[in-house]
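# Examination of the molecular architecture
Below, each chain spelled out in residue letters.
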Amino acid sequence: MFRKILLATDGSEHALRAGEKAIALANCQDGSKIDIVYVIDGKHSKEDVLHHWGMDASDKRRQKLQMIEQKAKHDGIQYEIIFLHGEPGPTIVEYANKHEFDALVIGSRGLNAFQEMVLGSVSHKVAKRAKCPVMIVK
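First, a word on what this report is: a plain description of the structure on this page. (Residues numbered from 1 in each chain as written. Predicted model: local features only at pLDDT ≥ 70, side-chain atom pairs only at ≥ 80, totals over all residues. Heavy atoms only, no water.)

If you walk through the whole model with that rule in mind, you get 2 aromatic pairs. A centroid spacing of 5.8 Å and a plane angle of 35° characterise the contact between Y95 and F101, whose relative ring orientation is tilted. Neither residue differs from the other here; Y95 and F101 are each classed as buried. Above the ring of F101, the side-chain terminus of K4 is found at 5.2 Å from the ring centroid. (Phe/Tyr/Trp six-rings, centres within 6.5 Å; stacked < 30°, edge-to-face > 60°. Buried < 20%, exposed > 50% of the residue type's maximum accessible area, 1.4 Å probe, protein only. Lys NZ or Arg CZ within 6 Å of the ring centre and 35° of its normal.)

In structure tokens:
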């Protein structure tokens, strides 16, 4: 059914719940694998560095993914963490379409709710353009 799953995450609460659903999907089929994708947006990465001065940015990103990673390990799910650079919506869609996933799981809201209201949500953009089934988790 869903053997090749893409989880798009930003470390938010909704993304954590999306991670739980992706793991549940992977548990339904032996041999399933989850690609956990975190997109580094150049527009916000400078702000992150200034806000978390003295802490390695890659460590901070890894920390955001730690809960999902622990849950995948606990359930014995094969996974890979991938960091991409670019605007989140188009970057996720490009990666998903290029690698032909069986399903894409994404949270309904990210870390910046104001930006989503003004510009349209990343999850909405992804759902419209991805060629695979998309599960949007609240």
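Attention now moves to the sheet that holds strand β3 (residues 78-85). Taken in spatial order, the 5 strands of this open sheet run β3-β2-β1-β4-β5, and their pairing is parallel. A single partner strand is all that each edge strand has here, and the edge strands are β3 and β5 (134-137). Averaged over neighbouring strand pairs, the angle between their axes works out to 20° when direction is ignored. Of the strands in this sheet, β4 (103-107) and β5 touch helix α6 (residues 122-129), which is tilted by about 165° from β4. (Pairing = 2+ DSSP bridges. Helix = DSSP H or I, 4+ residues; strand = E, 2+ residues; numbered from the N terminus. Axes fitted to C-alpha atoms, helices over the stretch in contact; angles between N-to-C directions. Contact = heavy atoms within 4.5 Å.)

Comment: phi is negative for the bulk of residues other than glycine, and the bulk of peptide bonds are trans. Positive phi outside glycine occurs at E100, with the angle close to 50°. Accessibility expressed as a relative area gives 64% for E100, which makes it exposed.

Glancing now at the side chain of S32. With respect to the helices and strands, S32 occurs in the loop between α1 (13-27) and β2 (33-40). Among the polar contacts made by the side chain of S32, one reaches the main-chain carbonyl oxygen of F2 at a distance of 2.9 Å. Residue contacts for S32: discarding those within four places in its chain leaves F2, R3, A26, I77 and Q78. (Polar contact = N/O pair within 3.5 Å; in protein donor to acceptor, adjacent residues only side chain to side chain.)

As a further point, take the environment of R17. By the element assignment, R17 lies in helix α1. What makes R17 partly exposed here is its relative accessible area of 30%. Sequence-wise, R17 and K138 are 121 residues apart; in three dimensions their C-alpha atoms are separated by 7.5 Å. Not counting the four nearest positions on each side in its chain, R17 is found in contact with V137 and K138. A distance of 3.2 Å separates a polar atom in the side chain of R17 from a polar atom in the side chain of H14.

Attention now goes to α1. Look at α1: 21 Å from first C-alpha to last across 15 residues, which is about the 21 Å you get at 1.5 Å a residue. Regarding α1, the residues found buried are H14, A15, A18, G19, A22, I23, L25 and A26. (Expected span 1.5 Å × (residues − 1).)

What follows deals with the pattern of salt bridges. Where charged atoms from two side chains of opposite charge approach closely, those side chains can pair. A full pass over the atoms with the stated rule returns 5 salt bridges. Residue R17 is joined to E13 by a salt bridge in which the shortest nitrogen-to-oxygen separation is 3.4 Å. In this pair, R17 and E13 are both assigned in helix α1, 4 residues apart and thus about one turn of the helix distant. Among the ionic pairs, E20 bridges to K71, the shortest N-O distance being 2.6 Å. Within this pair, whereas E20 is found in helix α1, its partner K71 is found in helix α3 (residues 57-74), the two being separated by 51 residues in sequence. For K71, a relative accessible area of 28% puts it in the partly exposed group. (Salt bridge = Lys/Arg side-chain N within 4 Å of Asp/Glu carboxyl O.)

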